[in-house]
Amino acid sequence: MSTATPARQVLRLGLTGGIGSGKSTLANMLQSLGADVIDADAVSRATTASGGAAIAAIAQAFGQEFIDADGALDRARMRALVFSQPEQRKVLENIVHPLVGQEIRKLALQATSRVLIFDVPLLVESPHWRGQLDRVLVVDCLPATQIRRVTQRSGWDLTTIEAAMRNQCSREQRLAAADFVVFNEGEGLDNLQHLAQALAKRFGL
Ligand code: ATP
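Residues numbered from 1 in each chain as written. Predicted model: local features only at pLDDT ≥ 70, side-chain atom pairs only at ≥ 80, totals over all residues. Heavy atoms only, no water.

Caption draft 1: Molecular detail of the sheet that holds strand β1 (residues 11-17). Taken in spatial order, the 5 strands line up as β2-β3-β1-β4-β5 in an open sheet, and their pairing is parallel. Edge positions in the open sheet fall to β2 (36-39) and β5 (180-183), since each of these has one partner strand only. Strand-to-strand twist across the sheet, computed as the mean angle between neighbouring axes with direction ignored, equals 25°. Both β1 and strand β4 (residues 135-140) contribute to a ladder of 5 bridges, which runs parallel. Each bridged residue has a counterpart across the sheet, and for T16 the counterpart in β4 is V138. Here helix α1 (residues 23-32) sits on the sheet and contacts β1, β2, β3 (115-119), β4 and β5; the angle it forms with β1, its principal contact strand, is near 150°. (Pairing = 2+ DSSP bridges. Helix = DSSP H or I, 4+ residues; strand = E, 2+ residues; numbered from the N terminus. Axes fitted to C-alpha atoms, helices over the stretch in contact; angles between N-to-C directions. Contact = heavy atoms within 4.5 Å.)

Spelled out as structure tokens, the structure:
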């Protein structure tokens, strides 16, 4: 996946962090301060939503029964398939990934800010990303804080949250990949806003 380098001098900043660390919150703050933000998960979801670019190819490869009444990927059916036949995940990824890359390149070329943020939850887990970025910004907090925030936000039980955390790289691996770390601990957004302002200044926004 190439993000395409615009002609002007742009800082391509990868933003990542564990579940509930505060990535989206920080991305929104930096966007308000003038950065452009591309949400890689949102782009990926859009390709398999109703009318998404991957729908026709998925119907052709897997059958129309994998498309629901609204014209979106039937995620539950696909999950069941890749659980029972793991090799089918590759087939799906070979359809979705190039389309996501294409859309991200298109969005990157439309960006106008001198700071272009790629919000990528699994950045450290997807090594191909690193070569497309100038710097990596990690949002970090204590695991107990992640659990508290996701419980409050999503109402998930502890087992589900811990399973999601186990499916991501470790905190240590993520911090080892960071050029910048924002420690988003505690309750309230004042401190995070303050850190976002300091970053914006440092990046010349
Ligand atoms: P995910 O990976 O699950 O999408 P995320 O890293 O993008 O999560 P956010 O959605 O930004 O995290 O934050 C998770 C929840 O925690 C949200 O409800 C957000 O409002 C809250 N939150 C984030 N930072 C703070 C903070 N400093 N104080 C209080 N609540 C916070």
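Caption draft 2: Focus on the nonpolar core. The biggest cluster of nonpolar side chains holds 30 residues, and the ones touching the most others in it are I58, F62, M78, I104, F118 and W129. Mapped by element, the contributors of at least two residues to this core are α2 (40-48), α3 (55-62), α4 (75-84), α5 (87-110), β3 and β4. Of all the elements, α5 adds the most residues to this core, at 6 residues. The two domains that each donate at least three residues to this core are domain 1 (10-35 + 113-205) and domain 2 (42-112). Listed in part, the 17 residues of the second largest apolar core include L13, V139, F180 and F203. (Core = buried A, V, L, I, M, F, W, Y, C linked by side-chain atoms within 4.5 Å. Buried < 20%, exposed > 50% of the residue type's maximum accessible area, 1.4 Å probe, protein only. Domains from an automatic or database assignment.)

Caption draft 3: Up close: the pattern of salt bridges. According to the stated counting rule, one finds 6 salt bridges in the structure shown. Note that E93 is salt-bridged to K90, the shortest N-O span being 3.7 Å. Of this pair, E93 and K90 both sit in helix α5, 3 residues apart, roughly one helical turn. Take E93: its relative accessible area is 24%, and that puts it in the partly exposed class. (Salt bridge = Lys/Arg side-chain N within 4 Å of Asp/Glu carboxyl O.)

Caption draft 4: Here's a closer look at the site of the ligand. Residues in contact with the ligand amount to 15 residues; listed here are only the nearest, K23, S24, T25, R153 and N184. S21 is positioned such that a nitrogen or oxygen atom in its backbone is 3.2 Å from an oxygen atom of the ligand. S24 is positioned such that a nitrogen or oxygen atom in its side chain is 2.7 Å from an oxygen atom of the ligand. Relative to its unbound accessible area of 640 Å², the ligand is 78% covered by the protein chains. Taken together, the elements giving at least two residues each to the shell around the ligand come down to α1 and α6 (143-154). With 3 residues, the top contributor of residues to the shell around the ligand is α1. In terms of residue class, the shell around the ligand is built from 2 nonpolar, 9 polar and 4 charged. (Near = heavy atom within 4 Å. Polar contact = N/O pair within 3.5 Å; in protein donor to acceptor, adjacent residues only side chain to side chain. Areas by Shrake-Rupley, 256 points an atom, 1.4 Å probe, with all protein chains shown as cover. Nonpolar A, V, L, I, M, F, W, Y, C, P; charged D, E, K, R; others polar.)

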